[in-house]
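# What the coordinates show
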Amino acid sequence: MDWKTPRTGGLALLAAVIVLLPLALANNYWYEVAILIGINAIVCVGLNLLIGYAGQISLGHAGFFGLGAYGSAILTARYGWPPVAALAATTAGVALLALAVGRPILKLKGHYLAMATLGMGIIISIVVVTEDRLTGGPDGMSVPAFTLFGLGLAGERAWYWVIGAALLAAVWVALNLIESPAGRALRALHGSEVGAQVSGIDATRAKVGIFVISAVFASLAGSLTAHYAGFITPGKVGFFHSIELVTMVVFGGMASTFGAVIGAATLTLLPQLLTVLKEYEMVVFGAVMVATMVFLPRGFLPSLMLEIKKKRK
Amino acid sequence: MRHKLLAILAAALFAAGTAIAQEPIRIGAFLAVTGGAAFLGDPEQKTLELYVEKLNAAGGLLGRKLQLVSYDSAGDAEKARTFVKRLIEQDKVDVIVGGSTTGETMAVVPLVEAAGVPFISLAGAVVIIEPVKKWVFKTPHTDRMACERVFLDMRARGIERIGLISGAGGFDKSMRGECLKVAPNHKIQIVADEAYGGGDTDMTAQLTKIKNTAGVQAVLNAGFGQGPAIVTKNYKQLAMNMPLYQSHGVASKEFIKLAGDAAEGVRLPAAALLVAETLPDADPQKKVVVGYSREYTARFKSDVSTFGGHAFDGLMLAAEAIRRSGSTNKEAIRSALESIKGYVGTGGVVNMSAQDHMGLDVSAFRMLEVSKGNWVLVK
Amino acid sequence: MSAQLAQYLLGGLTIGAIYALVALGFAIIYNASHVINFAQGEFVMIGGMATVSLGNAGLPLLLAIPVAVLAAAAVGLALEKFAVEPARGASVVTLIIITIGASILLRGLATLVWDKKLHALQPFSGDQPIELAGATILPQSLWVLGVTLAIVLLLSWFFSRTLTGKAMLATSHNPLAAQLCGVNTRFVLLLSFGLSAALGAIAGILIAPITLTSWDVGVMLGLKGFAAAILGGLGSGAGAVVGGLALGIVESLGAGYLSSAYKDAIAFVLLLAVLFFMPSGLFGKKSAERV
């Protein structure tokens, strides 16, 4: 087994971090931060496949996250479904929606695609806010705890391991996807769509496929969040969260699965650390975003890897 | 040698003892200081800072200083949850005052209930204290009370059929729901029910629909934020002459400044704080509201708002409970809070009980009207 | 025409004119640099807020307005110099993140320089409603429509008759060729940002007496302006104006006849529908990809 390839080496490192991290987590608050990082990372890994590898863009992914969260919430809280069934049904539903919407949307390119995904996200968040009898409206709704065959999943520590395992699974799936023929087709698409088509790749099918996969990642993360927090509000469905997610992917490094994880970790941690700045928080956050993108346009991890390669020479 | 050791030991114990005694009492807060609800969180934050300072200047509580640990949750329920976990687990606060919006408050209720920390919410919806939760209290009047107060005034003016217009926010939707629920109890019929979006800048379409509904005698805007000011301006533009009622969500001088001349004649239910100086001297609230109003205006050079007043009440109630319980034992503080009766705050006279964790009734709401650019009490 | 329809149309036209101005700002920057400036909405905010605070400081409206517009233009120039120029050649997504970061930064600065409250601006010529076809319109709305028309005419003269304007057009068609012809493309870029910022600021000042202004008024307006620009076809000035007006009217009619709660959703559904059938917007250039 070659420990240096991203697949095994990186995955092993991630697993080690997840297993050893609890030693540094002093109390439940830090577990909560770790869990939030994990959830964001799952969404980002999926989104990175779409943005980084397939070269598309989505400014509405919080919509899928929100659908996952509200789907699970509504089925369990209002209709009494068992959480596992709700999770499965919601994920399937979101996949179907992404399939239906993806085909027409992905015919668009560049800024038009950005606007279309933006519009899609906004429509979803407006529906969630307005149908308050079902969703609890802007004030949100409670979500019952996750139970598996009668065993309840509660508390930060238990959820930490669940999210950690889910993240590892997500990264594993993403890495395998990238190395597979489908993944190579995607990367060809990113290079030149016409060139790829000429080589026999069904561009639309590939793009829609990855769109659905990234939507599923987001939806799963959303469902898990709903059960973990026990409460869900429309804030997570909106435009700002979509932008946060894209920022995490771009910051960490596009076309880099582990970069997506690092991006999620950094941008989830940053607001927690910046609270000391009180009213200067927004200014500093914005400045950090601009500076990072200007000086590290390829993102954090790829730039870091480049520096390391340079030093090796 | 022995004496030296004993002396050192004694000194160390004394120092340790003093150190423990000097542990500050920690008041935790999470407020929407930025974001869409900054209208609420900003005066709340300023009020808490000002009065923690004043309490400390007066010697603190139980001989100990107060320390305010506050975070900006920006109106986001998930941020609120994370910060409340931080307050409970990391900062180890003794009591929490905060939760500018209902969404943030409800999201953290499971946390404070599980951890057993007394929590005084500054949000409006009735669902916060109904059903009553062991550790959750609140200071602002409920939106249901606002509806009832408005309906009482409408009936007194002979109004029976009204149009309702509300926005997309949590406050708006919650109040609209409550108004629809309690309207029949007051023999009020809501014959038109329109809504506008969060960032909307023109409500003439919705108001036109209401204007064209037969038999509308008055309009109630269950709104908060910038919407009501625009509704008021549009109302005048469309020459709608029937009485316009706003909600307690815009009970501030700001609203009059923003709506300009169009605000003339608008009525709303509000705490006595807004008309502090003109209250009759015999009014039980006069001393408290005038005091808060003058101190806040002097320090921050801006008009006082009822939201800041709720934060003031929350802090003072917490302080009173700590004093009564004589310790920072959370259960003791909680029971002391529940037993407070006859406390005069900016929102009204508070009578807590095991079933009522807010302690105000409809009479705590006064009916105010805009007259010549200022708030006046409607007799 | 029924009075109700007239009311909806007039309201829709007014806000549509504002969307048009913001969309024009997007179009001008996009034409010069292929960058979508997500901070465009913040120029609208700066225009309104700066005028209010200058007015409070004692400056008469006639002076406050040009000063505010110049201030916004200066911010636009700074944005180009410090955030966009250093990142030339970066990917589309990276540039989007940069301008979004800039918009967060600007909003944060707004809360520090000014405050988080809502502010009203005095209407330019009073607020006695005027009756038109059974509906009422505020005098300020007439200002909005009039100034927007004047600006559109001015801009079309600028781009077709002046040398600078033609240089900007040339840069948008083919930057390399323009450079070869002696056009200072860097200056064109700077100018486009300054001009767009000024446009946004004017829109903000025009609309503030009707809709109030605050530190975050730019977010939704920026989004709607972007939607209008896309609807009309990116890069097309006429498209931006038509897109803006269309968006405003559809919103208003949707609120009046369909559902006021879903008003925003209706506008975005319309946008998506247009994009599905005309992927380059109403007037957009059909893009040809060179292989």
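Residues numbered from 1 in each chain as written. Chains lettered and ligands numbered in written order. Predicted model: local features only at pLDDT ≥ 70, side-chain atom pairs only at ≥ 80, totals over all residues.

### Some thoughts on the overall build of chain A
Helix and strand counts for chain A stand at 14 helices and four strands. Seen through its principal axes, chain A has C-alpha atoms that stretch 55 × 45 × 45 Å. When the 313 residues of chain A are sorted by exposure, 55% land in the buried category. Taking the contacts inside chain A whose residues are at least 6 apart along the sequence as the reference set, 77% of them involve residues at least 24 apart. (Helix = DSSP H or I, 4+ residues; strand = E, 2+ residues; numbered from the N terminus. Buried ≥ 20, exposed ≤ 12 C-beta atoms within 10 Å, placed from the backbone. Contact = placed C-beta atoms within 7 Å.)

### Observations concerning the overall build of chain B
For chain B, the helix and strand inventory stands at twelve helices and 14 strands. For chain B, whose C-alpha radius of gyration is 23 Å, the value lies close to the compact-globule estimate of 21 Å for 379 residues. In terms of overall dimensions, chain B has C-alpha extents of about 100 × 40 × 35 Å along its principal axes. With 379 residues in all, chain B has 59% of them scored as buried. A sequence separation of at least 24 residues applies to 66% of the contacts in chain B between residues at least 6 apart. (Rg over C-alpha atoms; globule rule 2.2 N^0.38 Å.)

### Digging into the sheet that holds strand E3 (residues 95-98) of chain B
All names here are of chain B. One open sheet holds the five strands; their spatial order is E2-E1-E3-E4-E5, and the pairing between them is parallel. Where the open sheet ends on each side, the last strands, each with one partner, are strand E2 (66-72) and strand E5 (136-138). Each neighbouring strand pair of the sheet contributes to a mean axis angle of 25°, computed without reference to strand direction. Alignment of strand E4 (residues 119-121) against E5, held across three bridges, turns out to be parallel. Looking across to E5, one finds that Ser121 is bridged to Lys138. Sheet strands touched by helix H11 (residues 306-325): strand E1 (25-31), E3 and E4. Its angle to E3, the strand with the most contacts, is close to 165°. (Pairing = 2+ DSSP bridges. Axes fitted to C-alpha atoms, helices over the stretch in contact; angles between N-to-C directions.)

### As for the interface of chain B and chain A
Often the size quoted for an interface is simply the accessible area lost on bringing the parts together. Contacts between the two partners involve 22 residues from chain B and, on the opposite side, 19 residues from chain A. Within the residue set of the side of chain B that touches chain A, elements represented by two or more residues are helix H3 (77-90), helix H4 (102-115) and helix H6 (170-182) of chain B.

### Here we look at the nonpolar core
The biggest cluster of nonpolar side chains holds 334 residues, and the ones touching the most others in it are C:Ala72 and C:Ala201. Split by domain, the residues of this core number at least three in each of domain 1 (11-141 + 288-362) and domain 2 (144-270) of chain B. (Core = buried A, V, L, I, M, F, W, Y, C linked by C-beta atoms within 7 Å. Domains from an automatic or database assignment.)

### Concerning the interface of chain A and chain C
At the interface, 34 residues of chain A touch 37 residues of chain C. Contributing elements (two or more residues each) for the side of chain A that touches chain C: helix H5 (110-130), helix H9 (193-198), helix H11 (239-252) and helix H13 (281-295) of chain A. Looking at side-chain class alone, the side of chain A that touches chain C contains 25 nonpolar, seven polar and two charged residues. (Nonpolar A, V, L, I, M, F, W, Y, C, P; charged D, E, K, R; others polar.)

### Re the packing of helix H9 (residues 218-232) of chain C against helix H10 (residues 237-258) of chain C
All names here are of chain C. Taken N-terminus to C-terminus, the directions of H9 and H10 make an angle of 120°; their axes are 7 Å apart at the nearest point. Here H9 lies oblique to H10, going by the angle between them. Crossing hand, H9 versus H10: right-handed. Between H9, through Lys224, Ala227, Ala228, Ala229, Leu231 and Gly232, and H10, the contact on the second element is made entirely by Gly239, Ala240, Val242, Gly243, Gly244, Ala246 and Leu247. Of the residues that constitute the contact of H9 with H10, the class distribution is eight nonpolar, four polar and one charged. (Parallel < 35°, antiparallel > 145°, perpendicular 65-115°, else oblique. Left-handed = near helix turned anticlockwise from the far one by under 90°.)

### Side note on the domain arrangement of chain B
All names here are of chain B. The domain architecture assigned to chain B consists of domain 1 (11-141 + 288-362) and domain 2 (144-270). Once you take the C-alpha centre of each, domain 1 and domain 2 turn out to be 31 Å apart. With twelve residues of domain 1 at the interface, the matching set in domain 2 holds 16 residues. A class-by-class count of the residues in the side of domain 1 that touches domain 2 yields four nonpolar, seven polar and one charged.

### Comments concerning the pairing of E3(B)
All names here are of chain B. Every second residue of E3 is oriented toward a common face, with Val95 and Val97 on one face and Ile96 and Gly98 on the other, all of them buried. In terms of strand pairing, E1 meets E3 through two bridges, oriented parallel. Within the sheet, the bridge partner assigned to Gly28 lies in E3 and is Ile96. Bridging between E3 and E4 involves three bridges; their strand directions are parallel. Bridge pairing in E4 links Val97 to Ile120.

### Quick word on H11(A)
Residue and element names in this part refer to chain A. In this model, H11 (14 residues) spans 20 Å end to end at C-alpha, consistent with the 20 Å of a helix rising 1.5 Å per residue. Burial runs high along H11: twelve of the 14 residues are buried. Listed as buried for H11 are His241, Ser242, Ile243, Glu244, Leu245, Val246, Thr247, Met248, Val249, Val250, Phe251 and Gly252. One or two positions beyond H11, positive phi appears at Gly253, with a value near 125°. (Expected span 1.5 Å × (residues − 1).)

### Things to note about the environment of B:Asp76
Tracing the chain through its elements places B:Asp76 in the loop between E2 and H3. By the C-beta count within 10 Å, which is 25 here, B:Asp76 ends up buried. Separated by 117 residues in sequence, B:Asp76 and B:Asp193 place their C-alpha atoms 28 Å apart. Each residue touching B:Asp76, except ones within four places of it in the same chain, is listed here: A:Gly235 and B:Gly35.

### Details of unusual backbone geometry
Residue and element names in this part refer to chain B. In the segment running from Glu130 into Pro131, the intervening peptide bond is cis, with an omega of 5°. Mapped onto the elements, Pro131 comes out in the loop between E4 and E5. Although it is not a glycine, Leu62 adopts a positive phi angle of roughly 50°. Look at Ala74: it is not a glycine, yet its phi comes out positive at around 55°. Along the chain, Ala74 falls in the loop between E2 and H3.

### A word on the pairing of strand E8 (residues 218-222) of chain B
Residue and element names in this part refer to chain B. Taken across its five residues, E8 has four buried, putting it largely inside the fold. Here E8 runs beside strand E9 (residues 244-246); their pairing, made up of three bridges, is parallel. Its bridge partner being in E9, Val219 is matched across the sheet by Leu244. This β-α-β element, E8 to helix H8 (residues 227-237) to E9, shows right-handed connectivity. (Right-handed = clockwise from strand over helix to strand, strands pointing away.)

### Overview of helix H2 (residues 38-57) of chain B
If you check H2(B), its first and last C-alpha atoms are 28 Å apart, about what 20 residues at 1.5 Å a residue would give, namely 28 Å. Following H2(B) by one or two positions, B:Gly59 adopts a phi angle in the positive range, close to 110°.

### Thoughts on the packing of H5(A) against helix H11 (residues 263-277) of chain C
Closest axis-to-axis distance for the H5(A)/H11(C) pair is 9 Å, and the angle between their directions is 150°. For the crossing formed where H5(A) meets H11(C), the hand is left-handed. Taking contact as the criterion, the partners of A:Tyr112, A:Ala116, A:Gly119, A:Ile122, A:Ile123, A:Ile126 and A:Val127 in H5(A) are, on H11(C), C:Asp264, C:Ala265, C:Phe268, C:Val269, C:Leu271, C:Leu272 and C:Leu275. Here the contact of H5(A) with H11(C) is built from residues that sort into twelve nonpolar, one polar and one charged.

### Quick look at the confidence of the model for chain A
Across chain A, the average pLDDT comes to 87, with 98% of residues at 70 or higher. No element of chain A has a lower mean pLDDT than H9(A), which averages 75, and none a higher one than helix H3 (residues 61-77) of chain A, which averages 94. (pLDDT = per-residue confidence, 0-100.)

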